[in-house]
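Coordinates in review
Letter by letter, the chains look like this.
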Amino acid sequence: MLLVGGCCMPCPGPAPYTGPTESMVRVVAEINANNSKLPTLAAHHFYEADVVDEKKQNHHVSGDGVLLYMTPNSMRLTADNTVVGTVFEIGSNPKSYWLKLGPQTGDTMYWGNWADYDALDPQNAQIPIRPDMVLDVLGITMINPNFNTTPAPTMRFDPYADAYVFVWSGKAPTQWVALREVWYDRTTKLPKLILLYDMNGRVALRAEFADQSKIVNGRPTFDIKNYRQVPLPGLSKDQWPWMPENYHLYFPASGSKLTFTIERAALTEPDQDVVRPERRSFRMPNPAEPGVSKVYQIGQPAGN
């Protein structure tokens, strides 16, 4: 009867990896060796998004845009449409971070200053797509090799996912809390899954790097086809750095989703409509200028 009825118990996944593993120092060194080759990035992307605004209205949009990045915390991701122009813009620079929604996605601007930033501030949950979190899941940032500084990382190995699992913890007013969790493929040291947490340990952002979300027995799988190399002048191809190609982001607090696929990535050279990243590329739009109906400053009373 069991054979006729099918698998009644949970079906087994891949066999666990039982071979040798590396130390935390070695794993971090390999991750940083790759990511240090990408101090800047200029790329074209194709996106699809469900932006849930403050009125809980879902705006489904798609198109293409540009991703610019400069270490350590400058980023600009534009989402455009051939008919209506800019649909939304996500950005960050050393001073501020912002999300600007066009008329098609809520007609609102959210912004804050890094000097006032608190990763656990519940007010951040009101932002449909959090810029601070998008910056955190690009998969090309460096890991602090001083493991005794906060947020403090720990590492364990998951044999069923064949992955090193890092969890960063920080000090809240009453206890230590998990802030960030990243699953790195054992062989390539590329990220499989990133989870960012809120004050209560609930997932505030889930980021997966696959054409389709694939989880086996609760663990992320890995396929090198979902990653791309960035050409570097003067280096052979086997030395080019790697980064995710497909990003699937889900923000449970707002219900918003963002998927984008990287195309034509380069380090600094312009590529058709992709401009060279430089400091002025990450200038925040002036909230006081006309352009959106509502403006919210994180940590401050809402303004119009």
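Coordinates for the structure precede this section.
The following paragraphs examine the structure supplied in this document.

Definitions and cut-offs
- Residues numbered from 1 in each chain as written.
- Predicted model: local features only at pLDDT ≥ 70, side-chain atom pairs only at ≥ 80, totals over all residues.
- Heavy atoms only, no water.
- Helix = DSSP H or I, 4+ residues; strand = E, 2+ residues; numbered from the N terminus.
- Buried < 20%, exposed > 50% of the residue type's maximum accessible area, 1.4 Å probe, protein only.
- Contact = heavy atoms within 4.5 Å.
- Areas by Shrake-Rupley, 256 points an atom, 1.4 Å probe, with all protein chains shown as cover.
- Polar contact = N/O pair within 3.5 Å; in protein donor to acceptor, adjacent residues only side chain to side chain.

The next thing to look at is the overall build of the protein chain. Each helix and strand in the protein chain was counted, giving 3 helices and 18 strands. Considering the protein chain as a whole, with its 304 residues, one finds that 47% of them fall into the buried category. Summarising the internal contacts of the protein chain: among those between residues at least 6 apart in sequence, 54% fall at separations of at least 24. For the protein chain, the accessible area works out to roughly 15,300 Å², and carbon and sulfur atoms hold 53% of it.

This brings us to the environment of Tyr-69. By the secondary structure assignment, Tyr-69 is in strand E2 (residues 58–70). You can call Tyr-69 buried: its relative accessible area is 1%. For the pair Tyr-69 and Ala-42, spaced 27 residues apart in the sequence, the C-alpha separation amounts to 6.6 Å. Dropping the residues within four chain positions of it, Tyr-69 is found in contact with Leu-38, Pro-39, Thr-40, Leu-41, Ser-74, Met-75, Leu-135, Leu-138, Ile-140, Thr-141, Pro-277 and Phe-282.

This part covers the side chain of His-59. Looking at where His-59 falls in the secondary structure, it is placed in strand E2. Given a relative accessible area of 16%, His-59 falls into the buried group. At 2.8 Å, the side chain of His-59 and the side chain of Asp-53 are in polar contact. For His-59, the contacting residues outside a window of four places in its chain are Ala-49, Asp-50, Val-51, Asp-53, Gln-104, Thr-105 and Gly-106.

With respect to the helices, strands and loops of the structure, Val-167 is situated in strand E8 (residues 163–171). Remark: the alpha-carbon pair of Val-167 and Arg-156, spanning 11 residues in sequence, is separated by 8.7 Å. Not counting the four nearest positions on each side in its chain, Val-167 is found in contact with Ala-152, Pro-153, Thr-154, Ala-178, Arg-180 and Glu-181.

Without other data, these values stay purely geometric and don't point to any function.
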